[in-house]
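Tertiary structure, described
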There are 2 protein chains.
Amino acid sequence: MALADIDQDEDATVEAITSTTVYVCITCRRASDPEDAPRPGLALARATARAAEGTGVTVRQVHCLANCNRALSAAIRCDGTWAYVFGGLEAESDAAALIEGARLLARAEDGIMPWRGRPEVLKRGLIARVPPLDFMQETE
Amino acid sequence: MALADIDQDEDATVEAITSTTVYVCITCRRASDPEDAPRPGLALARATARAAEGTGVTVRQVHCLANCNRALSAAIRCDGTWAYVFGGLEAESDAAALIEGARLLARAEDGIMPWRGRPEVLKRGLIARVPPLDFMQETE
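From a predicted model like this one, the values you see are computed outputs, not experimental measurements. (Residues numbered from 1 in each chain as written. Chains lettered and ligands numbered in written order. Predicted model: local features only at pLDDT ≥ 70, side-chain atom pairs only at ≥ 80, totals over all residues. Heavy atoms only, no water.)

**Brief notes about the overall build of chain A**
Put simply, the test is: A run of DSSP states H or I qualifies as a helix once it reaches four residues; a run of E qualifies as a strand once it reaches two. Both are numbered from the N-terminal end. Burial classification: accessible surface area is computed with a 1.4 Å probe over protein chains only, and a residue below 20% of its type maximum counts as buried, one above 50% as exposed, and the rest as partly exposed. Whether two residues are in contact is decided by their heavy atoms, any of which lying within 4.5 Å being enough. Computed by Shrake-Rupley with a 1.4 Å probe, the accessible areas treat only the displayed protein chains as cover when residues are assessed.
If you tally the helices and strands in chain A, you get four helices and five strands. Taking all 140 residues of chain A together, the buried fraction comes to 49%. Considering only intrachain contacts with a sequence separation of at least 6, the fraction spanning at least 24 residues in chain A is 64%. Looking at chain A as shown, the accessible area adds up to about 7100 Å², and 50% of this sits on carbon and sulfur atoms.

Following this line, the structure appears as structure tokens:
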């Protein structure tokens, strides 16, 4: 492989990472939490933003991913990939897994987050996924 | 309103509808269904395609939306809107509701499917939603 090819590959990876976004619901709380307590969703969003530093992954706070019964919630996607929604996250421990999932997805040539190497919480916490805009029909 | 304005509005509506897609999982079955029985997800996909005729809404078959525990599953979105995942759908009765939801979303200027007027099954069956690509931060 020529040096120019390596540079091109690196450029492509940087571009993919830049479009990679983790959306964290800041309204999410456990059913047992009082309404006026600090929201663990917000704590997860802040921890995820810290974990994203230097990775090029964008972290966005969102008010609701409509996964309230299985909080805490986050979604991951890049431009042109499938979008993934995760639930059952922990504010204290799962920020790094979200960033790792985002980086796995950014590197996936087929736009699908690989199962192999995926953090455990992004396996057991998978809620749903949505195809990319240019997705074509799959048939029986 | 001048006639030209009306034409322009109609063009905009047609364009929004054209980019409107319903993804129906064709693998979905009830837990009690035998593995080799015809999949009710496929029946829902076919019924939805029939219900879409003449509306401009695109219906795409997909192998898995990762909502298997709360099947039958479908997702709806337009270019630039939030994407919605629904579960607990019935093959025999819910195709028209999916198309109605898609048309509501296509007409929504804020990219959010309105609650008012939304078919009941798209209220109680809401699994999750994902922001559009150009979504910006919401803050506490």
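**Comments concerning the interface of chain B and chain A**
Which entries qualify depends on this criterion: Buried area is calculated as the accessible area (1.4 Å probe) missing from two parts once they are joined, with the contributions of both summed. The salt bridge definition used is simple: a Lys or Arg side-chain nitrogen within 4 Å of an Asp or Glu carboxyl oxygen. In the analysis that follows, any N or O atom pair within 3.5 Å is treated as a polar contact, provided that within protein one partner can donate a hydrogen and the other can accept it, and provided that, for residues neighboring in sequence, both atoms belong to side chains. Basically, the charged four are Asp, Glu, Lys and Arg, the nonpolar ten are Ala, Val, Leu, Ile, Met, Phe, Trp, Tyr, Cys and Pro, and anything else, Gly included, counts as polar.
With 35 residues of chain B in contact, the opposing surface of chain A contributes 35 residues. Summed over both partners, the interface of chain B with chain A comes to about 3100 Å²; 52% of that surface belongs to carbon and sulfur atoms. Linking chain B with chain A are zero salt bridges. Across the chain B-chain A interface, the total number found is 10 residue pairs in polar contact (both at pLDDT 80 or more). If you list the elements that add at least two residues to the side of chain B that touches chain A, you get α2 (40–52), β2 (58–62), β3 (74–77), β4 (83–86) and β5 (126–130) of chain B. Split by residue class, the side of chain B that touches chain A holds 22 nonpolar, five polar and eight charged.

**Side note on the packing of aromatic side chains**
Residue and element names in this part refer to chain B. Inclusion rule: Classification of ring pairs rests on two measures: the distance between centres of Phe, Tyr or Trp rings, Trp counted by its six-membered ring, which must be within 6.5 Å, and the angle between planes, read as stacked under 30 degrees, edge-to-face over 60 and tilted in between.
Throughout the structure, instances matching the rule amount to six aromatic pairs over all chains. An angle of 80° between the planes, with centres 5.5 Å apart, marks the rings of W82 and F135 as edge-to-face. With a gap of 53 residues between them, W82 in the loop between β3 and β4 and F135 in the segment after β5 connect regions that are remote in the sequence. Each member of the pair, W82 as well as F135, carries the same accessibility label: buried. Where Y84 meets F86, the ring centres are 6.3 Å apart and the plane angle is 10°; that geometry is what we call stacked.

**Things to note about the confidence of the model for chain A**
All names here are of chain A. As a reminder of what qualifies: For every residue, the pLDDT score states the predictor's confidence, bounded by 0 at the bottom and 100 at the top.
Of the residues in chain A, 86% reach a pLDDT of 70 or more, and the chain-wide mean stands at 89. The low-confidence segment residues 1–7, where pLDDT is below 50, has two contacts with residues more than four positions distant or belonging to other chains. Note on the complex model: pTM 0.88, ipTM 0.87.

**Regarding the sheet that holds strand β3 (residues 74–77) of chain A**
Pairing between the strands of a sheet is mediated by backbone hydrogen bonds and can be parallel or antiparallel. Residue and element names in this part refer to chain A. Cut-off, in case you're wondering: Strands are treated as partners if at least two bridges between them are detected by DSSP. Axes, fitted as lines to C-alpha atoms, cover a helix only where it is in contact. Angles between the N-to-C directions of the axes lie from 0 to 180 degrees.
With mixed pairing, the five strands of this open sheet are ordered in space as β2-β1-β3-β4-β5. Of all the strands in the sheet, the pair left with one neighbour each is β2 (58–62) and β5 (126–130). Across the sheet, the mean angle from the axis of one strand to that of its neighbour is 20°, orientation sign disregarded. As judged from the four bridges shared by strand β4 (residues 83–86) and β5, these two strands associate in the antiparallel manner. Residue pairing in the sheet places Y84 in a bridge with R129 of β5. Relative to strand β1 (residues 21–25), helix α2 (residues 40–52) is tilted by about 160°, and along the sheet it contacts β1 and β2. On the sheet, helix α3 (residues 95–107) packs against β1, β2, β3 and β4 and is oriented at approximately 25° with respect to β3.

**Regarding the relation of the copies chain B and chain A**
Going by this rule: Least squares is the method used to superpose the copies, on C-alpha atoms of residues holding a pLDDT of at least 70 in both.
With an axial shift of 0.0 Å and an RMSD of 0.0 Å, the rotation relating chain B to chain A amounts to 180°. Taken together, the rotation angle and the small translation identify this as a two-fold axis. In this assembly the copies share their binding face: 100% of the residues contributing to the interface of chain B also contribute to that of chain A.

**Concerning the nonpolar core**
Put simply, the rule reads: In this description, a nonpolar core means a group of buried Ala, Val, Leu, Ile, Met, Phe, Trp, Tyr and Cys residues linked to one another through side-chain atoms lying within 4.5 Å.
One finds V22, I76 and L98 of chain A together with V22, I76, L89 and L98 of chain B to be the most contacted residues of the largest nonpolar core, which totals 88 residues. When residues no more than four places from it in sequence are discounted, the contact partners of I76 of chain B are T21, V22, W82, A83, Y84, F86, L98, G101, A102, L105, M113 and L122 of chain B.

**Considering the packing of α2 of chain B against helix α3 (residues 95–107) of chain B**
All names here are of chain B. How we decide: Angle categories are assigned with fixed cut-offs, so that under 35 degrees is roughly parallel, over 145 is roughly antiparallel, 65 to 115 is roughly perpendicular, and the rest are oblique. Handedness of a crossing follows from how the near helix is turned relative to the far one, being left-handed for an anticlockwise turn of less than a right angle and right-handed for a clockwise one.
Between α2 and α3, the least distance of the axes is 8 Å, while the angle of their chain directions is 55°. Considering the angle they form, α2 stands oblique to α3. As for how α2 packs across α3, the hand of that crossing is right-handed. Along the contact surface, α2 presents L44, A47, T48, A51 and A52, while α3 presents A95, A96, L98 and I99. For the contact of α2 with α3, the residue count by class is eight nonpolar, one polar and no charged.

**Digging into unusual backbone geometry**
Peptide bonds are trans in most cases, and residues, glycine excluded, mostly fall at negative phi. All names here are of chain A. In the segment running from A71 into L72, the intervening peptide bond is cis, with an omega of -10°. Along the chain, L72 turns up in the loop between β2 and β3. Even without being a glycine, A66 presents a positive backbone phi close to 65°. Here A66 shows up in the loop between β2 and β3. Given a relative accessible area of 16%, A66 falls into the buried group.

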